[in-house]
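Remarks on the overall topology
Below are the chains, spelled out letter by letter.
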Amino acid sequence: MYPNDGFRELDRRECLRLLTQVPVGRIVHTRQALPAVLPVNFCLDEDGAVVLCTSAASELVRAIDGSVVAFEADEVDATAQSGWSVVVTGLATTVTDPAERERLVRTGPHSWAPSAAEVFVRVEPELVTGRELVGGRSMYGLRRIL
């Protein structure tokens, strides 16, 4: 049985599993004291860290390296009015270790907009939360929502 609001909280393991099912998420950071959100392709590393690959010259790398950021990914089925959303919050750092970088060149994400100098950024999964909408409006009926 789900709570009356139709949402189910997801545990950390389930959140990380769901993240492996989608190729794109959003990185949330601060730009000039305002929230900024950018879509990025990504993968999960062996330890559950979110890894993205981008141009070394990108504004994104300068904005997030050494900062706490949020990363969000989701999947929505508009017809079934259901879906899930996962948020990973943690410290973002540029990968500088040569061995780790070489491993990520082989196994990590590849930028969809390649550049001459690419870097990998890791978001350590300090806080992982998620919710699943089960049933949507069809489960509870319109009169309950109105």
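One can find the structure itself at the top, above this paragraph.
Heads up: these notes are all about the structure in this document.

Thresholds applied
- Residues numbered from 1 in each chain as written.
- Predicted model: local features only at pLDDT ≥ 70, side-chain atom pairs only at ≥ 80, totals over all residues.
- Heavy atoms only, no water.
- Core = buried A, V, L, I, M, F, W, Y, C linked by side-chain atoms within 4.5 Å.
- Buried < 20%, exposed > 50% of the residue type's maximum accessible area, 1.4 Å probe, protein only.
- Helix = DSSP H or I, 4+ residues; strand = E, 2+ residues; numbered from the N terminus.
- Contact = heavy atoms within 4.5 Å.
- Phe/Tyr/Trp six-rings, centres within 6.5 Å; stacked < 30°, edge-to-face > 60°.
- Lys NZ or Arg CZ within 6 Å of the ring centre and 35° of its normal.
- Pairing = 2+ DSSP bridges.

Okay, the nonpolar core next. Counting 25 residues, the largest nonpolar core has Leu19, Ile27, Phe71 and Val88 as the members making the most contacts within it. Listed by contribution, the elements that provide at least two residues to this core are α1 (12-19), β5 (50-55), α2 (59-64), β6 (67-77), β7 (82-94) and β8 (118-123). Here Phe71 is in contact with Leu19, Gly25, Arg26, Ile27, Val40, Phe42, Val50, Val86, Val87 and Val88, once residues within four sequence places are set aside. Core analysis: the second largest hydrophobic core is formed by 6 residues, Val51, Val95, Leu104 and Phe120 among them.

Moving on to the packing of aromatic side chains. Evaluation of the coordinates by the stated rule reveals 1 aromatic pair. A cation over a ring is seen here: Arg131 above Phe7, with NZ or CZ 3.7 Å from the ring centre.

Across 3 bridges, the pairing between strand β2 (residues 24-31) and β6 is antiparallel. Each residue of the ladder has a partner; that of Val28, found in β6, is Ala70. Pairing geometry for β6 and β7, over 11 bridges, is antiparallel. Residue pairing across strands places Val68 opposite Leu91, the latter belonging to β7. Taking the residues that link successive antiparallel strands as the turn, the β6-β7 hairpin has 4 residues, and the phi of Gln81 there is positive, at about 50 degrees.

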